[in-house]
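What follows is the residue order along each chain.
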Amino acid sequence: MNQAFLENTDDKSADASPPGYSWRHIVTFEETNVVGNVYYVRHIAWQGSCREMFLRDHAPSVLDDLSADLRLVTLKCSCEYFSELHAFDEIEITMRLKQLVQNRISLGFEYHHINSETPVLFARGAQDLGCMQVRGGGLVPVKPPEALAQALIPFGGTK
């Protein structure tokens, strides 16, 4: 990938960004394709893993809600790829709240390759979630549980 492109895609205002929730991962052979680089769909799976670890670490009561009748439905997800990864690369995915409105939660993700002294942005992604509750055999929109909303606030947005 063109180094100038990578430099231009890195967020120069990162210092002004609110703190994010970070999750680290080491790429395994299972996550690579026959060519040896990471299969693109893994980036989306890592968003889910980061989100789940956030719940475990900052809103564990929501896990009980999910076991009952709460559903966090992924409405939209995306990822922009700037460079390739390979087995045993160490990465850090940082999740930030972009917006929390009514029953919708918008999250942003930054993916950094951390094998070297200076982390390198290799992808950027987003997810929109809908908070839903099982009622009468269907799903209805509901506000996010207060524990989830309060846990997300320090990681980027306003309620």
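Okay, so let's go over this structure. (Residues numbered from 1 in each chain as written. Predicted model: local features only at pLDDT ≥ 70, side-chain atom pairs only at ≥ 80, totals over all residues. Heavy atoms only, no water.)

1. Details of the overall build of the chain
A count of helical and extended segments in the chain gives four helices and six strands. Counting from the amino terminus, helix and strand elements in the chain follow one another as α-β-α-α-β-β-β-β-β-α. A total of 159 residues make up the chain; the buried ones form 42% of that total. For the chain, the share of sequence-separated contacts (at least 6 apart) that also reach a separation of at least 24 residues comes to 66%. With an accessible surface of roughly 9000 Å², the chain has 52% of that area assigned to carbon and sulfur atoms. (Helix = DSSP H or I, 4+ residues; strand = E, 2+ residues; numbered from the N terminus. Buried < 20%, exposed > 50% of the residue type's maximum accessible area, 1.4 Å probe, protein only. Contact = heavy atoms within 4.5 Å. Areas by Shrake-Rupley, 256 points an atom, 1.4 Å probe, with all protein chains shown as cover.)

2. What about the nonpolar core?
Counting residues in each nonpolar core, the largest one holds 33 residues, and the members touching the most others are W46, F54, I105 and L152. Those elements that place two or more of their residues in this core are β1 (21–26), α2 (41–58), β2 (70–81), β3 (90–101), β4 (104–113), β5 (120–135) and α4 (146–152). Among the elements that take part in this core, β3 stands out by supplying five residues, more than any other. Not counting chain neighbours up to four residues away, the residues in contact with I105 comprise L97, Q99, L100, Q127, D128, L129, C131, P144, L148 and L152. (Core = buried A, V, L, I, M, F, W, Y, C linked by side-chain atoms within 4.5 Å.)

3. Digging into the pairing of β5
Of all 16 residues in β5, twelve are buried, a share of seventy percent or more. Both β2 and β5 contribute to a ladder of eleven bridges, which runs antiparallel. Bridge pairing in β5 places K76 opposite D128. One ladder, built from ten bridges, connects β4 with β5; its direction is antiparallel. Counted as the bridge partner of F109 is G125 from β5. Counted between consecutive antiparallel strands, the loop separating β4 from β5 contains six residues. (Pairing = 2+ DSSP bridges.)

4. A few points about a nonpolar patch on the surface
On the surface, Y39, Y40, V41 and Y81 cluster together to form a nonpolar patch covering roughly 390 Å² of accessible area. Mapped onto the elements, Y40 comes out in the loop between β1 and α2. Relative accessible area serves as the criterion here: at 49%, Y40 is assigned to the partly exposed category. (Patch = residues over 30% accessible without salt bridge, like charges linked within 9 Å, V, L, I, M, F, W, Y side chains within 5 Å. Salt bridge = Lys/Arg side-chain N within 4 Å of Asp/Glu carboxyl O.)

5. Some remarks on the packing of aromatic side chains
For the coordinates displayed, the defined rule picks out six aromatic pairs. With a centroid separation of 5.5 Å and an interplanar angle of 90 degrees, the aromatic rings of F54 and F155 are classed as edge-to-face. With a gap of 101 residues between them, F54 in helix α2 and F155 in the segment after α4 connect regions that are remote in the sequence. Taken together, Y21, F54 and F155 form an aromatic cluster joined through their ring pairs. (Phe/Tyr/Trp six-rings, centres within 6.5 Å; stacked < 30°, edge-to-face > 60°.)

6. Details of α2
The terminal C-alpha atoms of α2, which comprises 18 residues, lie 26 Å apart, in line with the 26 Å expected from a rise of 1.5 Å per residue. By the burial criterion, the buried members of α2 are H43, W46, Q47, G48, C50, R51, F54 and L55. (Expected span 1.5 Å × (residues − 1).)

7. Concerning the environment of E30
For E30, the location among the structural elements is in the loop between β1 and α2. Here the alpha-carbon distance between E30 and A87, two residues 57 residues apart in the chain, equals 8.4 Å.

8. Quick word on the pattern of salt bridges
When their charged atoms lie close together, side chains carrying opposite charge are able to pair. Here the structure, examined in full by the defined rule, presents five salt bridges. The closest approach of N and O atoms between R24 and E92, which form a salt bridge, is 2.9 Å. Linking R24 in strand β1 with E92 in strand β3, this pair joins segments that are 68 residues apart in sequence. Taking the relative accessible area as the measure of exposure, R24 reaches 56% and is therefore exposed. Two residues, D57 and R56, come together in a salt bridge whose shortest N-O distance is 2.8 Å.

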